Amino acid sequence: MNPYVLTILLSSLGLGTVLTFASSHWLLAWMGLEINTLAIIPIMAQQHHPRAIEATTKYFLTQATAAAMILFASTTNAWLMGEWEIHQLSHPLATTTVMLALALKLGLAPVHFWLPEVLQGLELTTGLILSTWQKLAPFALMIQVAPTINSSLLVAIGLLSTLVGGWGGLNQTQLRKIMAYSSIAHLGWMVLILQFAPSLTLLSLSLYIIMTSSAFLTLKTNNALTINTLATSWTKSPTLAALAALVLLSLGGLPPLSGFMPKWLILQELTKQGLPLSATLAAMTALLSLYFYLRLCYALTLTIYPDTLTATAPWRLNFTMITLPLSIITILALGLLPLTPAVTAMLAL
């Protein structure tokens, strides 16, 4: 893609998100979401591959449906209650419709079916943008409308997403689909605590973006798209393979890695709020996710390169990819747990 065109598209992507962040009026927020969607579509379709075109079409249709639902809900609220402000969303019909529309935009269960299929059709860099940056604008709206939404609905969507994210990833061999189900599970944890402690949701989102970016950049560096090709990583770069295994365990939420911090604090907060059953169910669904992360770790570090692999062996040429972002983000993905006391002190303020 032409660098100038790419710069305009990425600028529009940033503009759409910032516009949604800054808006207090539903029409302005909707406009930001639309700019965001229209900016990423050419980036998704740049490969000119049938799968990429199919993924782009699916993404466009789901995002357009969600945007129409948001517009319908905000218009309904303005008609019945006379308010266009995001904070003044008060009619039950409007709040429920907005919640389902934002769930569709993010890929939360039970409206998650588009996310694995779309992510599977994209290259890893575009998949990274879709899994991280594209979650910010809908989450900003969700945090603002969360106080008016029925808490039982939020807890149900959160638990269902953690269950679907863990269950769906068990039988996958494609790494992009596994990352999609991982995204669904993590978003479920964030929605689960959204109404009780929004600051914990922001903490979880920040760490999710750091860990997912590290995982995607590692896969990009190793040029791995399936579990079988992941087995070749050890011969190419043993250090990166060892760090990638730790990043995957951090995504699974194992101590003493960064990913343990949000899960620990969320379970603690749920127990404080008198929801021990929800906390237990969430912890049990995390075990499902942990299983497929361990499966990837096994393929990455303990599997010998298979002779019957259909993928072409990579040439050992001089490495030209810039690895500084990967290095920084991997350190953050692995070593932030000691900062938990500082984080809890800040959350208490």
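Residues numbered from 1 in each chain as written. Predicted model: local features only at pLDDT ≥ 70, side-chain atom pairs only at ≥ 80, totals over all residues. Heavy atoms only, no water.

### Comments concerning the overall build of the chain
Where we set the bar: Helix and strand labels come from DSSP, where a helix needs a run of H or I of at least four residues and a strand needs a run of E of at least two; each type is numbered from the N terminus. Radius of gyration: C-alpha atoms only; globule rule: 2.2 Å multiplied by the number of residues to the exponent 0.38. With a 1.4 Å probe rolled over the protein chains alone, any residue whose accessible area is under 20% of its type maximum counts as buried; one over 50% counts as exposed, and the rest are partly exposed. For this analysis, residues touch if any pair of their heavy atoms sits within 4.5 Å. Per-residue accessibility takes into account occlusion by the displayed protein chains alone, with areas from the Shrake-Rupley method and a 1.4 Å probe. Charge counting follows a simple rule: Lys and Arg are positive, Asp and Glu are negative, and His as well as the terminal groups are ignored. Where a charge lies is defined by one atom per residue type: Lys uses NZ, Arg uses CZ, Asp uses CG and Glu uses CD.
Broken down by element type, the chain carries 17 helices and zero strands. Against the globule reference of 20 Å for 349 residues, the chain gives a C-alpha radius of gyration of 20 Å, in line with a compact fold. Each principal axis of the C-alpha atoms in the chain carries an extent, and together these give about 65 × 50 × 35 Å. Counting the 349 residues in the chain, one finds 52% classified as buried. Nonlocal contacts in the chain, meaning residues at least 24 apart in sequence, comprise 78% of its contacts between residues at least 6 apart. If you sum the accessible surface of the chain, you get close to 15900 Å²; carbon and sulfur atoms cover 70% of it. Distance between charge centres in the chain, computed from 12 positive and 8 negative side chains, equals 12 Å.

### Focus on the nonpolar core
Under the convention used in this document: Only buried residues count toward a nonpolar core. Its members are Ala, Val, Leu, Ile, Met, Phe, Trp, Tyr and Cys residues joined through side-chain atoms within 4.5 Å.
Core analysis: the largest hydrophobic core is formed by 67 residues, its most contacted members being V118, L130, L175 and M261. Beyond its immediate chain neighbours, meaning those up to four positions away, V118 contacts M44, A55, K58, Y59 and L130. Formed by 31 residues, the second largest nonpolar core is a distinct cluster that contains L102, L106, V145 and L205.

### Thoughts on unusual backbone geometry
With omega at 5 degrees, the peptide bond leading from A109 into P110 counts as cis. Mapped onto the secondary structure, P110 falls in the loop between α4 (92-106) and α5 (114-120). Here P255 and P256 are connected by a cis peptide whose omega angle stands at 5 degrees. Structurally, P256 can be placed in the loop between α13 (238-252) and α14 (260-272). Of note, the phi angle at H48 is positive, near 60 degrees, even though the residue is not glycine. When you line up the elements, H48 lands in the loop between α2 (26-44) and α3 (50-81).

### Some words on the domain arrangement of the chain
As a reminder of what qualifies: Per the annotation, domain bounds derive from an automatic or database assignment of domains. For any pair of parts, buried area is found by adding up, for both, the accessible area (1.4 Å probe) each one loses once the two are put together. Throughout this description, the term salt bridge denotes a Lys or Arg side-chain nitrogen within 4 Å of a carboxyl oxygen of Asp or Glu.
Entries for the chain in the domain assignment read domain 1 (1-147) and domain 2 (150-308 + 319-348). Once you take the C-alpha centre of each, domain 1 and domain 2 turn out to be 23 Å apart. The interface of domain 1 with domain 2 comprises 27 residues on the first partner and 34 residues on the second. In this assembly, domain 1 packs against domain 2 so that about 2700 Å² is buried in total across both faces, 79% of it on carbon and sulfur atoms. Contact with domain 2 buries area across many residues of domain 1, yet Q120, L124 and F139 alone supply 24% of it, more than any other trio. Counting the contacts that link domain 1 with domain 2 gives one salt bridge. For K177, the salt bridge identified is with E117, shortest N-O distance 3.5 Å.

### Details of the packing of helix α8 (residues 151-168) against helix α15 (residues 276-301)
Here is the rule we go by: Only the contacting stretch of a helix is used when fitting its axis, a line to C-alpha atoms as for every element, and angles between N-to-C directions run 0 to 180 degrees. Oblique is the label for every angle not falling under 35 degrees (roughly parallel), over 145 degrees (roughly antiparallel), or within 65 to 115 degrees (roughly perpendicular). Crossings are assigned a handedness: left-handed for a near helix turned anticlockwise from the far helix by less than a right angle, right-handed for a clockwise turn. The nonpolar class holds Ala, Val, Leu, Ile, Met, Phe, Trp, Tyr, Cys and Pro. Asp, Glu, Lys and Arg form the charged class, and all remaining residues, Gly among them, are polar.
One can describe the packing of α8 onto α15 by two numbers: an axis separation of 7 Å at closest approach and a directional angle of 20 degrees. By the angle between their axes, α8 is roughly parallel relative to α15. The crossing of α8 and α15 is left-handed. Facing V155, L159, T162, L163, G165, G166 and W167 of α8, the residues of α15 in contact are S278, L281, A282, T285, L288, S289 and F292. Class assignment for the residues of the contact of α8 with α15 results in eight nonpolar, six polar and no charged.

### Some details on the environment of T97
Structurally, the position occupied by T97 is in helix α4. Among the residues examined, T97 registers a relative accessible area of 12% and is labelled buried. Sequence separation between T97 and L71 is 26 residues, and the spatial gap between their C-alpha atoms is 9.9 Å. If we skip the residues at most four places from it in the chain, T97 touches M69, F72 and A73.

### Observations concerning a nonpolar patch on the surface
Formally: Here a patch means residues that are over 30% exposed by relative accessible area and free of salt bridges, tied together within 9 Å if like-charged and within 5 Å if nonpolar (Val, Leu, Ile, Met, Phe, Trp, Tyr).
On the surface, I322, L324, I328 and L332 cluster together into a nonpolar patch covering about 410 Å² of accessible area. Classification of L324 as exposed rests on a relative accessible area of 56%.

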